2 protein chains.
Amino acid sequence: MADAAVRSKKPAVHKRTPAGGAPTAPHTAAEASDPRIDIAAVTDLLLGTWADTRREAREMIKDPAFWRIEGQPMAEHRERVLTQLHLLVEHGGSRRAMPEKFGGNNDNGANLAGFQELVLADPSLQIKSGVQWGLFGSAIFQLGTEKHHEEWLAGVIDLSLPGAFAMTETGHGSDVAAIGTTATYDPETEEFVIHTPFRGAYKDYLGNAALHGKAATVFAQLITGGVNYGVHCFFVPIRDDEGSMLPGIISEDDGVKGGLNGIDNGRLAFDQVRVPRFNLLDRYGQVAADGSYSSEIPSPGRRFFTMLGALVQGRVSLDGAATTGTALALHIALTYANQRRQFDSGAGTEEVVLLDYGKHQRRLLPLLAQNYAQFFSHDELLKKFDAVFSGRTDTPEEREDLETLAAALKPLSTWNALSTIQEAREACGGSGFLAENRMVGLHQDLDVYVTFEGDNNVLLQLVGKRLLADYARQFKGADAATLARYAARQTAGKLFHGAGLRQLGQAVADFGSTARSVEFGLREDQQHELLAGRVQQMVADVAAALRPASKLSPAEAAALFNSHQAELIEAARAHGELLQWEAFTDGIHRVPDEGTKQVLTWLRDLFGLHLIEKHLAWYLINGRLSTQRAASVTRYIDRLAARLRPHAQDLVDAYGFAPEHVRAPIASGAERERQDEAREYYRALAASGEAPVSEKSIKKK
Amino acid sequence: MADAAVRSKKPAVHKRTPAGGAPTAPHTAAEASDPRIDIAAVTDLLLGTWADTRREAREMIKDPAFWRIEGQPMAEHRERVLTQLHLLVEHGGSRRAMPEKFGGNNDNGANLAGFQELVLADPSLQIKSGVQWGLFGSAIFQLGTEKHHEEWLAGVIDLSLPGAFAMTETGHGSDVAAIGTTATYDPETEEFVIHTPFRGAYKDYLGNAALHGKAATVFAQLITGGVNYGVHCFFVPIRDDEGSMLPGIISEDDGVKGGLNGIDNGRLAFDQVRVPRFNLLDRYGQVAADGSYSSEIPSPGRRFFTMLGALVQGRVSLDGAATTGTALALHIALTYANQRRQFDSGAGTEEVVLLDYGKHQRRLLPLLAQNYAQFFSHDELLKKFDAVFSGRTDTPEEREDLETLAAALKPLSTWNALSTIQEAREACGGSGFLAENRMVGLHQDLDVYVTFEGDNNVLLQLVGKRLLADYARQFKGADAATLARYAARQTAGKLFHGAGLRQLGQAVADFGSTARSVEFGLREDQQHELLAGRVQQMVADVAAALRPASKLSPAEAAALFNSHQAELIEAARAHGELLQWEAFTDGIHRVPDEGTKQVLTWLRDLFGLHLIEKHLAWYLINGRLSTQRAASVTRYIDRLAARLRPHAQDLVDAYGFAPEHVRAPIASGAERERQDEAREYYRALAASGEAPVSEKSIKKK
């Protein structure tokens, strides 16, 4: 690994690495005599607002007791992770978000930051912690009231009360409002009767349900006085202290999963199970002894979404964990790519280092840029979460913004995790398929992140609907002046895309090569304009397409919406990408060191151009890019990749992973040792004069 | 599942399903009163030339003894698969390719077809069979001579001689020519000394190496008389009958892998291990007792590639197995999507079947079309393989074509397997993550298909180089007439893309809607022209970019090639896609039934348009599609997806899988039963008059 201590600080100048992408390119920034990053400073930047907590968590998980053992049978893995949770309690890892009276320090941001780092030890540990403290515990804390906290939180925190979060049913995942489980109030006994009316209403995929949970926070339709008040949450004991199921509770094991097999996911069903009225977690809706219902939120819809919104931290947490897990895979694959050699270049006997191949740069470096962007956007999300949940900015508007932001970012980071980890594993060939090198395990464990805590497509559809609503709001009751201003903005945008860009390009062309002038036309402002303009227009296009809906029958309106569903989801994705890009850019603006700023700007450009290239057809069809400029995007990406190649090791070293976090033998330096040994063998053989000659050389004689 | 027996045969007419993509769309072809496929006939079509063998293999693996047990610990899984291999021997599955004298029937095509179907039982079984009979056995059969066959083939076939195929080394995977293992001839004793000179030269990732192999076919640099004659293959015993390592042989276990854990992959190293001269598999190169070397192929390069080419069947086999494994995932996900309901449409109380969502059609149906194309292209590949290996068309040119075809198709089908299986698993939400529903296991097992038997990117680069060579050959020594003909063809192409298309569109517009006229401009001939034209131009562009190389130094030439590596790989991918499309189209032309032909034509169109959409930016930048026409591609895909929606179940039923092959509970009809039970519960509750009323309804009062 590069040594941060010996880095040279050079001013940011527009030097190029020689012979872009050639097998003879420099391997380090020092060789390239380029500006280079201040590795330690970039680590601080990536660790973000709660860097201290993250470092503390990383220090803790250097202990092998926290590490995943590859190939461990499911039963043993489950017990090991339970033990790790107890260890976590001992280290104070379970109380950061809790109020002072429960020994916590009421720090929501630090809490999530600390849990996210656990993905480096074992994603099962991260997620089982999330089940216990982020879902089961949070349901009690966020949806319950003082009396519930007093009763159960201490047991949640010290893990004497492990629990399951029983929301999803076999028949209803994304559509929580339609779950079948009922909680019918019986005023005679002042109890709720929790019941599973049919097979599809079994609670399913619940961590802690198959083995370890003693209780569950069960979401059910609250029925009292013959009226269904919608989904509410109930505390339901499920196992006694010996681990036997309580009467009326049925548990099934979900068995082996694609990953996360350290968690005992399972099903729960309830056969007329009675719990005291006390057990309704009643922050947002109360039932009096006589069965009368009350709530401070009169609208059933708003009440439902408020309750779900209180549990947004799962999504926030996955965004961060997916980003860190992806970083680990990139660290491994790029470190290996910087040491592994294969094929000589045809220009000599020396074999070529993988990362010197044009294709290898192309397949990995844009993903590195994307991952960097995610670190910055995640920190923004976490700050917003902390501000709302600390109460500092806890308004309905801020809550809605937070939920939309989480719904926009979590899908992108979790999908990117899978595609990046897969590309990283393939880039390591056969060694990438060995479990010891971590990447296959990361892919298996993180796979479910894309469909749990909100299916990614469903979340993006929510974001899309919010974008549509915001768009419509601009015009709602707008006076003539507002509409005129809007029209003017639109025109300004068009002008900028048309004449504006072209003019800039022309002016710059006077300074030198066409290549450079094209690049100037794709710098920060233009990237932003292209990315933001795309979101704006996609939303406007969907809105226009849906406009006739108001005049249609409900069935026809549904059909019309359905025929634009895929487009709406794409618009939401574009919005999320823009947010990532903006967060990365804001982050760079805060960097004081010039060398760091320069390299990170290249990396941000690579991310921006990578996004633009991905959607190039859209830009062309919508007249946002000329064919000439579009063609230059790919060439610019190639140049950026070559320019960043010497910085790749610095950039993955800046993740700040210690050997105890990486653990993959191929990223340990063993590969370089093997390469060196082999080359030394051939050198010595040649020097000995005893090397066999090649058949070709004797044929020539 | 739809019942093939009651299908109606209707003539192919241009009927549309009502309200494309709407939640009210028909779910079956019968409801849509569309033309529909003859399911049994399509099954025959998909099973292809060796349908009988495939049916026989599928019948055999209905026996649960062949099935993968999810979550089985590695050690037990390895033993189970070994037992399955013995079962296979009993069923005659190991001798199809062998000569009559060894009890075989010399049928190469049937042999691979039979092995490929094993992927449905357990991919570990398919691949371990491939190691034993396709690699180890084939090395003896293809690279050895009569005397070797007599000595070892019987043991290979009856599995009394399990073996490893020791080609790849830790330090050299794709670059086989550079392996470090040496085989030095000692004329004193008439032995070869097999030796591993350094750590990187350990043979690695070899099935049967960690536990079960008694011998290995070891690739090593053949050195005799002080000359290195390049890589040759040697038969080397490694374990005695008690399973102990023989002297000088070192074995290491590769441990847990991302999948295929039923196979005992491991490493082998050799410390001056002596084998008799007899053990050189000497079909393509012989060493006499005195150490003199001879070969009927004088060029070392051609000899090397001839030896490797003799082992092309691994790639052929993976192309078929990946295609069948993908089909299984699509069968499961589409069957589930046709039963699972989630969210009401807003137009009533009935929940919407997943496959009625626009996004769901969009995410799965193009992948179904792609998988169909692969069945047809695989059969072409298998026929070519059979023709060459049976000797019917065994010429150097045909061998080269076969190798190029395999190198083009295997990367596409194996990558498509991973992306399709992943999309299928995500489309099934949480249930898709359960191992019992098969998709996660298929992804884990098939993961390594993209990097073994030739890394996909390396294979595509080989194809790209062949395309460049063929392109250059057109002009080599071309006379004026040839060049003129070529120029004319180019111009004709351009005319066709320009005025030609537009004219056609205009003419058709007279018949009716714009939508239809656009479609006519994207039918078979135009799809072919677009796909083929892209390959042609991409190759021409790379060739033009590389032209200066002849005037450069070797280092500069290598750098120039490297800077176009990614483009060359893309050109090869485009070539592979074209081949798949052409095979699908040829297959449809052979269909007699009009309904089948119509539906499969829609499916082929979906595949073609899906490819064109994927590369839309290229078509726009290169002036092959106008922005208007490009915009219509996406709309046409949406319409095709909606039109094919009622046929989805028929199309996956036509894969011909029995419940014993599918096994996934979510595709068993259990989901429909659960949905029906839930709806019946609510219906009965409503009828009873005891259903709780909604909160909303009492608020209105």
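Everything numeric here is computed off the predicted structure, so don't read it as measured data. Within each chain, residue numbers correspond to sequence positions counted from 1 in written order. The naming scheme follows written order: chains are lettered A onward, ligands numbered 1 onward. For this predicted model, a pLDDT threshold of at least 70 governs which residues receive local features, and a threshold of 80 or more governs which side-chain atom pairs are given and counted, while totals over whole chains, interfaces and linings are taken from all residues. Side-chain metrics in this entry use all non-hydrogen atoms of the structure; hydrogen atoms and water are not considered.

How should I be thinking about the overall build of chain A in this particular structure?
Numbering goes from the N terminus for both helices and strands, where a helix is a DSSP run of H or I of at least four residues and a strand is a run of E of at least two. Tallying secondary structure elements over chain A gives 26 helices and 14 strands in all. Whether a residue is buried, partly exposed or exposed follows from its accessible area with a 1.4 Å probe, protein chains only, as a fraction of its type maximum: under 20%, in between, or over 50%, in that order. The 701 residues of chain A split such that 61% are buried. All accessible areas in this document rest on Shrake-Rupley with a 1.4 Å probe, and a residue is counted as covered only by the protein chains that are shown. Accessible surface, chain A as shown: approximately 25,300 Å² in total, 54% of it carbon and sulfur.

Explain the interface of chain B and chain A here, please?
One frequently used descriptor of interface size is the decrease in accessible area upon assembly of the parts. By definition in these notes, contact holds between two residues if any of their heavy atoms fall within 4.5 Å. The partner chain A presents 101 residues to the 101 residues of chain B that form the contact. Accessible area, probed at 1.4 Å, shrinks when two parts are joined; the buried area is that loss added up over both. Buried surface at the junction of chain B and chain A, summed over both partners, amounts to about 7,800 Å²; 60% is from carbon and sulfur atoms. Considering only the surface of chain B that becomes buried against chain A, K359, F433 and E695 of chain B emerge as the three largest contributors, covering 9% of it. Take a side-chain nitrogen of Lys or Arg and a carboxyl oxygen of Asp or Glu: if they are within 4 Å of each other, that pair is a salt bridge. For the pair chain B and chain A, the number of links is four salt bridges. Counting of polar contacts relies on pairs of N or O atoms within 3.5 Å, with two restrictions inside protein: one atom must be capable of donating a hydrogen and the other of accepting it, and residues adjacent in sequence are counted only when both atoms are side-chain atoms. One can count 49 residue pairs in polar contact (both at pLDDT 80 or more) joining chain B with chain A. In terms of residue count, the dominant contributor to the side of chain B that touches chain A is helix α18 (residues 554–563) of chain B (six residues).

Help me understand the UniProt feature "domain: Acyl-CoA oxidase C-terminal" (unreviewed entry) in chain A, please; the structure alone is not making it clear to me.
UniProt positions are given in the numbering used here, feature names are shortened, and annotations may be inferred rather than shown by experiment. In the numbering used here, UniProt assigns the feature "domain: Acyl-CoA oxidase C-terminal" (unreviewed entry) to residues 529–667 of chain A. Counted over residues 529–667 of chain A, helix gives 78% and strand 0%. Its end C-alpha atoms are 39 Å apart.

Before we go on, may I ask you to explain the relation of the copies chain B and chain A in this structure?
The two chain copies are related to each other by a rotation about an axis together with a translation along it. C-alpha atoms of residues with pLDDT of at least 70 in both copies form the basis for the least-squares superposition of the copies. Laying chain B over chain A is done by rotating through 180° and shifting 0.0 Å along the axis; what remains is an RMSD of 0.0 Å. Taken together, the rotation and translation relating the two chain copies correspond to the operation of a two-fold axis. In terms of C-alpha distance to the rotation axis, chain B has A617 of chain B as its closest residue, with the C-alpha 2.0 Å off the axis. Looking at chain B, 99% of its interface residues are interface residues in chain A too, so the copies touch through the same face.

Whenever I open this one, the confidence of the model for chain A confuses me. Can you help?
Note: predicted coordinates in regions of low pLDDT should not be interpreted at a detailed level. Residue and element names in this part refer to chain A. Taken as a whole, chain A shows an average pLDDT of 90; of its residues, 90% reach a score of 70 or greater. Along the chain, pLDDT gives the predictor's confidence residue by residue, from 0 to 100. A low-confidence stretch, residues 1–23 (pLDDT under 50), is modelled with 55 contacts involving residues beyond four sequence positions or located in other chains. Within the model, the stretch residues 487–517 combines pLDDT values under 50 with 22 contacts to residues more than four positions away or in other chains.

What's the story with the packing of helix α10 (residues 358–389) of chain B against helix α20 (residues 594–614) of chain B in this structure? I'm lost.
Angle between the axes and distance between the axes: these two values describe a pair of packed helices. All names here are of chain B. Between α10 and α20, the least distance of the axes is 8 Å, while the angle of their chain directions is 105°. Accordingly, the angle class assigned to the pair α10 and α20 is roughly perpendicular. Of the residues in α20, those in contact with R362, L365, P366, L368, A369, Q370, Y372 and A373 of α10 are L600, L603, L606, F607, H610 and E613. Polar here means any residue outside two lists: the nonpolar Ala, Val, Leu, Ile, Met, Phe, Trp, Tyr, Cys and Pro, and the charged Asp, Glu, Lys and Arg; Gly therefore counts as polar. Of the residues belonging to the contact of α10 with α20, the class tally is ten nonpolar, two polar and two charged. Only C-alpha atoms enter the line fits that serve as axes; for helices the fit covers just the stretch in contact. Angles between N-to-C directions range over 0 to 180 degrees. Every angle not falling under 35 degrees, over 145, or within 65 to 115 is termed oblique; those three ranges are roughly parallel, roughly antiparallel and roughly perpendicular.

I keep staring at the side chain of R466 of chain A and nothing clicks. Help me out?
Residues and elements named next belong to chain A. With respect to the secondary-structure elements, R466 resides in helix α14 (residues 456–475). Look at R466 and you get buried, because its relative accessible area is 15%. Separated by 2.7 Å, the side chains of R466 and D401 make a polar contact. The contacts of R466, once residues within four sequence positions are left out, are E400, D401 and T404.

Hey, could you run me through the side chain of H575 of chain A in this one?
Residues and elements named next belong to chain A. With respect to the secondary-structure elements, H575 resides in helix α19 (residues 565–589). Classification of H575 by relative accessible area gives buried; the value is 16%. If we skip the residues at most four places from it in the chain, H575 touches A408, V463, L467 and V535.

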